[in-house]
Amino acid sequence: MIKKEIEAFQKRVKKELYENIIPFWQKHAVDEEFGGFAGHVGRDLVKDKHAGKGLILNARILWTFAAMYRFDNKPEYLKLAKRAYDYLNEYFLDKQFGGVFWMVDYRGACADDSKKIYGQAFYVYALAEYYLATKDPDALRRAYEMFELIERHSFDKVNTGYFEVCNRDWSIAEGARLSDKDMNEKKSMNNHLHVIEAYTNLYRCEHNGRVAEKILGLINNFTKHIIDRKTFHFNHFFDDTWKPKSDSYTFGHDIEGSWLLYEAAEILEKPAIKKAVADIALEMAEVVLKEGIDKDGGLLYEGRGGKIINSDKEWWPQAEAVVGFLNAYQLSGKEEFFKAALNSWDFIERKIVDREGGEWFMKTSRDGTPNLMDYKVGEWKCSYHNTRTCLETINRLNHC
């Protein structure tokens, strides 16, 4: 790969991170009136001061500014990370049963006390990043407490894997949906993907044997149950015995999962597992490149049986495509993957970055027309996918 091409790519990514993404969140996300961060900011940049505040948004903001402080030791990043850390622990923490609430209202009162494991995992992920950035022992203690609650209450001791949702008291909930568009099934790919992501980050803090054991179990869940070994797509939903209950796949999850699974295998430093997962990651990246990339470089959203069933181009799959294809390039040396990563970034700059309002559009149609009705900050529109893509890309290009 030509050094100048790599340097130019890295320069573009740094510019986007430092001149658009991070300044947007610094300027528009802070809730000066009620504390913490705004629950909703529209494309017109007007805050809904009475919007509820979601666990995912707040945990991802904590991760973002902790990661930025770890990457670039600027006090303004630490200040916002501390703001997010303090708000989560003051208002989201369930002081009776442990764990964190799914949603609080604009004043910080509990609005949804369910223990969706996806959200508990993101709390672990963010706490681990905060510890890595600050070495605050309280953050690591909280992360381990949350890890143990997940293992005690959500882990399926009969069939392995993790149940989707618990009630406030940690009993298994009958309603198992993460969101309205998800199936009401006991287990999901998405939940397991973000549990392994969280545990991998926790293992970075210190090489804890129990955490390593659980990461190995999760890798086994993916290779044995979640990855369709005929198509190398993820299955999405399962009953408690791991019987698949869905038949579609999302290219963004496939490419994100390819690099997150390899990251988990790599950190364990077990050569046989690392090699096996690397092979799977490359197969998955190959399939996404062949089936999911449109002619303009954008990543399509969803398929079934080899056909596209949702051709929208959402912001977060574009971000994950850059990292996933760079990971495949690093594993294989195949320049087609580097080109795919660069093409994905080109598409982001052309069609996803909002030059007028700042940050990124949530999605475009297949022809690249942005949905101008979508919001900029909300329960599912956070600073994590694009910030992480920038940080991962900058670091990975240093080694290309």
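For the structure itself, consult the block above.
Novice: For the pairing of strand β12 (residues 307-310), give the residues involved together with the corresponding values.
Specialist: Pairing geometry for strand β11 (residues 302-304) and β12, over three bridges, is antiparallel. Each bridged residue has a counterpart across the sheet, and for Gly 303 the counterpart in β12 is Ile 308. Connecting β11 to the next strand, β12, in antiparallel fashion are two residues, including Gly 305 with a positive phi near 60°.

Novice: Give me the packing of helix α2 (residues 55-71) against helix α12 (residues 384-397): which residues, what numbers.
Specialist: Axis separation between α2 and α12 bottoms out at 9 Å; the angle between their running directions is 25°. On the basis of the axis angle, α2 is roughly parallel to α12. For the element pair α2 and α12, the recorded crossing hand is left-handed. Contacts between α2 and α12 pair Arg 60, Trp 63, Thr 64, Ala 67, Met 68 and Phe 71 from the former with Tyr 384, His 385, Thr 387, Arg 388, Leu 391, Ile 394 and Asn 395 from the latter.

Novice: Requested: an account of the nonpolar core, with residues and values cited.
Specialist: If you look at the biggest cluster of nonpolar residues, it comprises 134 residues, and the most contacted ones within it are Trp 25, Tyr 199, Ile 215, Phe 222 and Trp 360. The element that contributes the greatest number of residues to this core is helix α4 (residues 117-134), accounting for 14 residues.

Novice: For the environment of Ser 258, give the residues involved together with the corresponding values.
Specialist: Among the structural elements, Ser 258 can be located in helix α8 (residues 251-268). Judged by relative accessible area, Ser 258 falls into the buried class, the value being 1%. Taking the C-alpha atoms as reference points, Ser 258 and Gly 324, 66 residues apart in sequence, are found 6.4 Å from one another. At 2.7 Å, the side chain of Ser 258 and the backbone oxygen of Ile 255 are in polar contact.

Novice: Explain the sheet that holds β11 residue by residue, including any values.
Specialist: The strand order across the open sheet formed by three strands is β10-β11-β12, and the pairing between neighbours is antiparallel. In this open sheet, the two strands that pair with only one neighbour each are β10 (249-250) and β12. Sheet topology note: the β10/β11 ladder contains two bridges and is antiparallel. Counted as the bridge partner of Tyr 249 is Gly 303 from β11.

Novice: If you had to explain the sheet that holds strand β3 (residues 110-112) to someone new, which residues and values would you point to?
Specialist: Spatially, three strands are ordered β1-β2-β3 in an open sheet, and the strand pairing comes out antiparallel. Edge positions in the sheet fall to β1 (53-54) and β3, since each of these pairs with one other strand and no more. When strand β2 (residues 103-104) meets β3, the two strands line up antiparallel, connected through two bridges. When the sheet's bridge partners are listed, Val 104 is paired in β3 with Cys 110.

Novice: Requested: an account of the pattern of salt bridges, with residues and values cited.
Specialist: Within the structure shown, the criterion is met by 33 salt bridges. Ionic pairing is found between Asp 346 and Arg 12, a salt bridge with its closest N-O pair at 2.5 Å. Pair noted here: Asp 346 is in helix α11 (residues 335-352) and Arg 12 is in helix α1 (residues 3-28), with a separation of 334 residues, a long-range link. For Arg 12, a relative accessible area of 27% gives the class partly exposed.

Procedures and definitions
Residues numbered from 1 in each chain as written. Predicted model: local features only at pLDDT ≥ 70, side-chain atom pairs only at ≥ 80, totals over all residues. Heavy atoms only, no water. Pairing = 2+ DSSP bridges. Helix = DSSP H or I, 4+ residues; strand = E, 2+ residues; numbered from the N terminus. Axes fitted to C-alpha atoms, helices over the stretch in contact; angles between N-to-C directions. Parallel < 35°, antiparallel > 145°, perpendicular 65-115°, else oblique. Left-handed = near helix turned anticlockwise from the far one by under 90°. Contact = heavy atoms within 4.5 Å. Core = buried A, V, L, I, M, F, W, Y, C linked by side-chain atoms within 4.5 Å. Buried < 20%, exposed > 50% of the residue type's maximum accessible area, 1.4 Å probe, protein only. Polar contact = N/O pair within 3.5 Å; in protein donor to acceptor, adjacent residues only side chain to side chain. Salt bridge = Lys/Arg side-chain N within 4 Å of Asp/Glu carboxyl O.

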